[in-house]
Every structure is written in structure tokens, then in C-alpha cells.
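# Remarks on the overall topology
Here's the letter readout for the chains.
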Amino acid sequence: MRALMHRVAVEQARGRTPSLIGGVVRDGALVWSGACSMVEGHAPDTDTQYRIGSLTKSFVAVLVMRLRDEGRLALTDPLEKHLPGTAVGGATIGQLLAHTSGIASETPGPWWERTPGDLRPELADVLGETPVKHPAGRRHHYSNPGFALLGAVVARLRDRPWGDALQSEVLDPLGMGRTGLLPQQPAAGGFAVHPWADVMVPEAVQQTGLMAPAGELWSTVDDLARWAAFLAGGRDGVLAEATVAEMRVPAAPAEASEPGAGYGLGIQITRHHGRTLIGHTGSMPGFLATVWVDVEERLGAVALTNATSGPAVSGLAADLLTITADAEPAFPAPWRPADSLDAALLELAGAWYWGTRGYGLLVHASGDVELRPLVGQGRGTVFHVEPDGTWTGQDGYYAGETLRAVRRDDGTLSHLDVGSFVFTREPYDRQAPVPGGFPGWS
């Protein structure tokens, strides 16, 4: 599509970068890619490796969530339980994933991204003497050392380096054979472009040691297209769809300076032209990277470049996704009726009242039910059917709350109980157990 290629070309020229490549993912497959280079006829392809910086954090988060799903740890566990002896042992695993631990953004001493890891041989060197900058759980404060700690947790519980665990548990099953801790040709070289002159010099590539879980990985557009598909739907044998969906839920408040941003569990969240995008951005000296996914549109986008600064790759990836969504919108799944619905379930459909406020309950073919206000705005959600015959709220005010259909002794339907709120067929129905009683309307 010319509009996509134009957007890539504009960013390469405007951002003054040696090379830039973008890709669009639809329904789990790479459907478009385009690249621009300072050397005519030598643009990178989708198999060219770039360093992806903090996108690494989303991979580490998947390793941690695998351990959670196996029962090896809980998100509420203090770090001390699994990695004793650090100066921040009271921070929880979940806080580290969401950057709400209060730990410093960077390491003490020399700039870790530009210095070798052997300058920080121990976790104490990563944290320093005063690592805590905010009370744990109070605010989002991005922490690179926090993910160094999570990588150490993975290594300790797996009894092997976190990169080895990543290779066998995630990269190999997803077919990401061109993603790893070290570059393998073909790989782009990273450059620093002078901000006020059209000259550039190579950036040195450092192996960052204990800080590697914060930003060490290299990858390609082909591999990151697979990663985007995984972030949209999970993969059996790697991480269940429900767990990946849990990672995409905001777990930290947005900063006042970035009201449209959020953070889940190792996953960044942003709003762009009315769409919610999840994924991650990344930077290391000489490289910038972004993956964004719109789960509802079943679209993703990747942008990679080999300059320390200049190109706005986060905005580029978001624009590639938006251009595609606007020009070629996704078709919804066709409506189909249920093969059959239990009479007791169908009996729930229709109008209900919370006090005097009218609601409508729609019964889906899946057995899920949707409760929404009949007029105006108000609390409502889709409730997912559970094996015990109840339903669990999926979003909004009733997320996680239980809906029950309550019947009288003779089996007739009395009312709905939604997190203790009583919904009746008539406003303040006298035949239902409305708290406080009701004398009637006459």
C-alpha cells in the first residue's frame, strides 16, 4: 500500500536515520512490510536483525507469568521470597512487572546501556545504596533495574540463565529463530546521528550482564510479527490466552504527564486515534524499536531503526496500524444464532430493574450474558458463564463480580444478584427480597 510506504519513507527522511523498516500484522500473519535506507538498493528486509531494547521486558514478563501459572510464584509474593538478600525484598513480583515497586529508573554508576556488564557483577551493583525512590505500589515509576531483578528470579527458579529459559520456553515454540541475546547476520549496525549536522558515527554494542533482561534482545520484523500475534491471543504451550489478556490489563496508574499511557504486566498501553494499543517500545544506543497491537482490530505493527534518536518509531508503528485499519477495516465475525439455548437461560433475557433504573439482559449463543442500561450511561458489562452456573463480570464496574440467577423454592425465577445488588423484573418488585423492603407504589 502506497500510504504505508509513504509513511515509512517520511519517517526515515524526517528522522534522519540510516535505515528504517516497518511491518503490519493482520490475523496473526505479516501482511505488509516496507523499508527505506540511506543507501539506495540496500534497504533492510524482514530478516534483518535490530536491537529491540525494552521490548525485551515483555519477553521476561512472559517467563515470569509462566512461573505464576505453574504455581512456582505469585504476583503478590515479595521479592525476598524468591531472591533473598536484596535491598528491595519487600517489593512484590507484580509491582516489579508493573513498574510500581518504587525502585530507581536506572542503575548507579556509569550509564548501563553504554558500559559492559562486568562493571555490575552483583545485584547490589545494579541497585546501589539507595534504590527506593517512591513507596511501593503508590505510582508508576519505570525501572530498568526492576527487570534485572525479574530476570534473576527466572534464573533462580529455573536453575539456568534466563536467556536459556527464554529460548526453550518461548522463542523456539513461537518459531522466533532470529531473536536472541546476540546479533547474527544479517544484522544492522547501530549509529549515532549528529543532531545538528548530517554526519554519523557507529555506536558501540555492549553486553550488559545482569541488566540484560531490561533491554538486550535482537530481533527482526518477521519474528516480531509472531510476537505481535502472540500478544494478541497467546499460544498453547507458551502462555494461555487468558494469561496474556491479564498482562494487557492496566496495572499501574498513568502519569499526569502522560494521561493516554498505561502499563500492564510487562506490557505498555497507549491510546492512538481512539484505539487502545498494547505492546512495548524499546531503545538502546544505536537502535529504536516498537511493537503495537490492536486486539479488537486483530492488527499489529512493527517499526525498527538503527539510530540512537531521531525517528519517532512508536508513532510510526501506531500510524501504520491506523492507516491499515482505516483503509481496510476488519470484518466482524458474522452473527449466528445459538444451536439451542436452555429454557432457564433464555428466561433471563429482557428487562430488569436495579431499584428504579432499567437494564436489559442479552443472552449470547456462548452462554455469556450482557447487562446494559436501557437508557443513558451506567454500569454494565459482559458476564462470562462459569461451570457452576454463575457468571463473572469481564469489564467495567462489575469486573470480577458474580451474577447469580436466584430462584424461589418452587423453581420460579425471583431476581438477579449482581455482587449483592438485587435486580428485579419490576421496579422495587415486592415479591423479591429487596433490602430494606418496599411498601409498593400505590
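Relevant structure appears above.
Residues numbered from 1 in each chain as written. Predicted model: local features only at pLDDT ≥ 70, side-chain atom pairs only at ≥ 80, totals over all residues. Heavy atoms only, no water.

### What to know about the sheet that holds strand β2 (residues 29-37)
Spatial strand order, β2-β1-β11-β10-β9-β8-β7: 7 strands in an open sheet with antiparallel pairing. The two strands at the open ends of the sheet, each matched to only one other strand, are β2 and β7 (261-263). Across the sheet, the mean angle separating the axes of adjacent strands is 20° when strand polarity is ignored. Of the pairings in the sheet, the one linking strand β9 (residues 275-284) to strand β10 (residues 287-294) comprises 7 bridges and is antiparallel in character. Following the sheet pairing, Ile-278 is matched in β10 by Val-293. (Pairing = 2+ DSSP bridges. Helix = DSSP H or I, 4+ residues; strand = E, 2+ residues; numbered from the N terminus. Axes fitted to C-alpha atoms, helices over the stretch in contact; angles between N-to-C directions.)

### Here we look at the pattern of salt bridges
Inspection of every chain in the model, using the stated rule, returns 21 salt bridges. One salt bridge in this structure joins Asp-294 and Arg-275, with 3.7 Å as the shortest N-O distance. Note that Asp-294 is positioned in strand β10 and Arg-275 in strand β9, a separation of 19 residues in sequence. Assessed through its relative accessible area of 5%, Asp-294 is described here as buried. Each member of the salt-bridge network shares a partner with another, and the members are Arg-66, Glu-70, Arg-158, Arg-160 and Glu-169. (Salt bridge = Lys/Arg side-chain N within 4 Å of Asp/Glu carboxyl O. Buried < 20%, exposed > 50% of the residue type's maximum accessible area, 1.4 Å probe, protein only.)

### Quick word on the pairing of strand β13 (residues 357-363)
β13 sits mainly inside the fold: 5 of its 7 residues count as buried. The sheet contact formed by strand β12 (residues 350-354) and β13 spans 5 bridges and is antiparallel. Across the sheet, Tyr-353 pairs through a bridge with Gly-358, a residue of β13. Adjacent in sequence and paired antiparallel, β12 and β13 are bridged by 2 residues, among which Gly-355 carries a positive phi angle near 65°. With 5 bridges connecting them, β13 and strand β14 (residues 369-373) associate as antiparallel partners. Bridging from a neighbouring strand, Leu-361 pairs with Leu-371 of β14.

### Topic: the nonpolar core
With 68 residues, the main nonpolar core has Leu-97 and Trp-227 as its most contacted residues. At 8 residues, helix α2 (residues 56-69) tops the list of elements feeding residues into this core. Ala-301, Val-313, Ala-317 and Leu-320 belong to the second-largest nonpolar core, a separate cluster that totals 19 residues. (Core = buried A, V, L, I, M, F, W, Y, C linked by side-chain atoms within 4.5 Å.)

### Side note on unusual backbone geometry
Backbone torsion omega between Gln-185 and Pro-186 reads 0°, so that peptide bond is classified as cis. Following the sequence through the fold, Pro-186 ends up in the loop between α7 (162-174) and β4 (191-193). For Arg-298, which is not a glycine, the phi torsion comes out positive at approximately 60°. Within the element layout of this structure, Arg-298 appears in the loop between β10 and β11 (299-305). You can call Arg-298 partly exposed: its relative accessible area is 37%.

### Here we look at the environment of Thr-76
Relative to the helices and strands, Thr-76 resides in the loop between α2 and α3 (79-82). The sequence separation of Thr-76 and Ala-91 amounts to 15 residues, and the corresponding C-alpha distance is 9.0 Å.

### Details of the pairing of strand β8 (residues 268-272)
When you tally the buried positions in β8, you get 4 out of 5 residues, the bulk of the element. Where β7 and β8 come together, 3 bridges link them in antiparallel fashion. Residue pairing across strands places Gly-262 opposite Ile-269, the latter belonging to β8. Counted between consecutive antiparallel strands, the loop separating β7 from β8 contains 4 residues, among which Gly-266 sits at a positive phi close to 75°. Hairpin connection from β8 to β9: 2 residues lie between these consecutive antiparallel strands, with His-273 at a positive phi of about 50°.

### A closer look at a nonpolar patch on the surface
A contiguous nonpolar surface patch, about 240 Å² in accessible area, is contributed by Met-38, Val-39 and Met-200. Considering the arrangement of structural elements, one finds Met-200 in strand β5 (residues 200-202). (Patch = residues over 30% accessible without salt bridge, like charges linked within 9 Å, V, L, I, M, F, W, Y side chains within 5 Å. Areas by Shrake-Rupley, 256 points an atom, 1.4 Å probe, with all protein chains shown as cover.)

### Overview of helix α1 (residues 2-15)
With 14 residues, α1 extends 19 Å from end C-alpha to end C-alpha; this agrees with the ideal 20 Å at 1.5 Å per step. Along α1, the residues that are buried comprise Leu-4, Arg-7, Val-8, Glu-11, Gln-12 and Gly-15. Down the axis of α1, the sector holding all buried residues measures 130°, keeping them to one side. In α1, the exposed positions that point more than 90 degrees away from the buried face belong to Arg-2, His-6, Ala-13 and Arg-14. For α1, the secondary structure elements touched by its buried residues are β1 (19-26), β2 and α10 (313-327). (Expected span 1.5 Å × (residues − 1). Arc of directions from axis to C-beta. Contact = heavy atoms within 4.5 Å.)

### Some remarks on the packing of aromatic side chains
Counted by the stated rule, this structure contains 12 aromatic pairs. Aromatic pair Tyr-50 and Phe-287: ring centres 6.3 Å apart, planes at 90°, arrangement edge-to-face. Linking Tyr-50 in strand β3 (residues 50-51) with Phe-287 in strand β10, this pair joins segments that are 237 residues apart in sequence. For the residue pair Tyr-50 and Phe-287, the accessibility class agrees, reading buried in each case. Grouped by ring-pair contacts, the aromatic residues Tyr-50, Trp-218 and Phe-287 constitute a single cluster. We note Lys-57 situated over the ring of Phe-147; from NZ or CZ to the ring centre the distance is 6.0 Å. (Phe/Tyr/Trp six-rings, centres within 6.5 Å; stacked < 30°, edge-to-face > 60°. Lys NZ or Arg CZ within 6 Å of the ring centre and 35° of its normal.)

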